[in-house]
Each structure stands twice: as structure tokens, then as C-alpha cells.
Amino acid sequence: MPDNRAVKILDNAIKAGRLHHAVLLYGSSLQPLEEAAKETATKLFGRTWVNHPDLFELRPEGKMRQIKIGSPDGEPEPNTMRRLLKSLRQTSALGVHKVAIIYEADRMNQVTANAFLKTLEEPPAQTTLFILSTRPNDILETIRSRCVALRVDCPDDKIDNPDWQTWLADYSAWQKSLAGGIGRAISLGDAMMQCYGLLARFETLIAQILEEETSIDN
């Protein structure tokens with residue numbers, strides 16, 4: 001679990017009965033943000049957040065990794081903003097507290113953000129909204145202004161991919177070859193060819209990593 005200033009502030013706010021209904025947690029990596037939100041949810045519930053009926057989560061999905069608004073007709077589809085807002089309007093299953101966690105909130109489009117904004121302006125009773133983002137400046141300003149923003153300390157987010165580590169090593173070696181000066185340690189032609197090769201591999205790797213992340217989310 002994260003152990004930093006943001007979590008302590010949230011804990012103190014709960015003890016004082018002054019926790020804001022909307023909290024924007026931001027940092028360089030999503031996992032510590034999620035851990036901070038769920039640790040706080042556990043304290044609000046008075047029991048673990050795992051399988052809790054009053055914990056609602058919304059994540060981006062699809063190739064574009066967008067938070068979807070959902071159909072306005074009939075029962076809203078799972079993992080859509082309309083489904084989340086409907087759940088929050090309902091009575092708490094255990095009659096205590098409701099918690100919503102929106103992951104990568106910067107991936108809301110204008111329609112989805114405006115729908116969520118109405119809930120921020122008139123929040124349901126006994127409800128806490130956690131908005132998580134590694135790019136908080138991309139969130140609609142009117143949403144950010146209605147939240148208490150807390151930075152969560154995050155370790156470096158490393159990419160667990162052997163091809164990526166190989167590319168980094170080759171890139172570092174290319175940089176070192178340039179340190180001796182063009183024409184001395186390496187010719188201009190060789191430097192350019194290596195640069196083009198690195199760029200081509202970089203584009204392929206990024207596409208591969210994004211595809212793997214999308215397949216995991218789906």
C-alpha cells in the first residue's frame with residue numbers, strides 16, 4: 001500500500017469527518033493511485049473494498065481507450081458513465097457509503113465529462129468520487145475545479161518487455177558513439193542509419209506494447 005502524504009491527508013480527513021466528495025488523485029503511475037483510492041475506500045466502508053457492493057469502477061476501453069458515455073435508452077451498458085451515474089443514484093447496498101473510482105479520467109470526451117460534471121455539482125449523499133489520472137491537465141477544468149487534488153508519490157513505471165530493454169541498451173550505445181564526435185568515433189552516414197533503425201524499432205515496439213495493454217484491458 002502507498003505510504004505518502006496524500007494517503008495521510010485522506011486518512012485525517014476521514015477521521016475529522018471532512019473528506020471532500022470528489023478527490024483527484026494524480027501521479028506518474030496508475031497503480032499507486034488505485035492503491036490509494038482503494039485503501040481509503042476500505043476505511044470508508046469499515047471493511048475491505050474487495051467485492052464490496054458499494055464500490056463502483058469505471059475504466060477506459062477499446063482501441064481508442066476512451067471512457068464511454070453509454071446508450072441513453074434502456075439499461076446502460078456495463079463500464080459506461082451512464083451506468084456508473086445510475087448506480088450512484090441508488091441507495092447504498094449496505095446503507096453506509098458509496099465509492100466510485102474513475103480510472104484515467106483524462107480519457108473522458110466532452111460528452112462524458114459533461115455528464116459526470118452534473119454529478120459533481122450535485123453529488124449523491126454519502127458518496128466519494130475518486131478521479132485518477134497521470135495527465136490531470138487534460139481533464140476538463142470545470143471538473144478539476146470541483147475536486148480536491150492530491151499528488152500521490154509514485155515509483156518509476158517500468159515497462160516489463162525484454163525487447164524494450166534491448167532497445168534502450170542500443171539507444172544508449174548509439175548516444176555514447178556520438179559523444180566522441182561525428183567523423184571520429186562514427187561516420188555521419190553510420191550515425192544516420194543507426195538513428196533511422198532505432199526510430200523504426202521504437203515505433204514497432206510502442207505499437208506492440210499498446211496492443212498488449214489493450215488486449216489485457218479487453
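First things first, this report covers the structure right here in the doc.

**Some details on a nonpolar patch on the surface**
On the surface, Ile 182, Leu 188, Met 192, Met 193, Tyr 196 and Leu 199 cluster together to form a nonpolar patch covering roughly 640 Å² of accessible area. Inspection of the secondary structure puts Ile 182 in the loop between α6 (162–179) and α7 (188–217).

**Some details on the packing of aromatic side chains**
In this description, a pair of aromatic rings is defined by centroid distance and the angle of the planes. Across all of its chains, the model carries three aromatic pairs by this definition. Ring plane angle 45° and centroid distance 5.3 Å describe the contact between Trp 167 and Phe 202, whose orientation is recorded as tilted. Here Trp 167 is found in helix α6, whereas its partner Phe 202 is found in helix α7, with 35 residues between them in sequence. Owing to a relative accessible area of 8%, Trp 167 belongs among the buried residues under this scheme. Phe 202 gets classed as partly exposed once you look at its relative accessible area, which sits at 31%. Members of the aromatic cluster, each reached through a chain of ring pairs, are Trp 167, Tyr 171, Trp 174 and Phe 202. Above the ring of Trp 49, the side-chain terminus of Lys 38 is found at 4.0 Å from the ring centroid.

About the cut-offs
- Residues numbered from 1 in each chain as written.
- Predicted model: local features only at pLDDT ≥ 70, side-chain atom pairs only at ≥ 80, totals over all residues.
- Heavy atoms only, no water.
- Patch = residues over 30% accessible without salt bridge, like charges linked within 9 Å, V, L, I, M, F, W, Y side chains within 5 Å.
- Areas by Shrake-Rupley, 256 points an atom, 1.4 Å probe, with all protein chains shown as cover.
- Salt bridge = Lys/Arg side-chain N within 4 Å of Asp/Glu carboxyl O.
- Helix = DSSP H or I, 4+ residues; strand = E, 2+ residues; numbered from the N terminus.
- Phe/Tyr/Trp six-rings, centres within 6.5 Å; stacked < 30°, edge-to-face > 60°.
- Buried < 20%, exposed > 50% of the residue type's maximum accessible area, 1.4 Å probe, protein only.
- Lys NZ or Arg CZ within 6 Å of the ring centre and 35° of its normal.

Distances and angles like these do not, on their own, reveal function.
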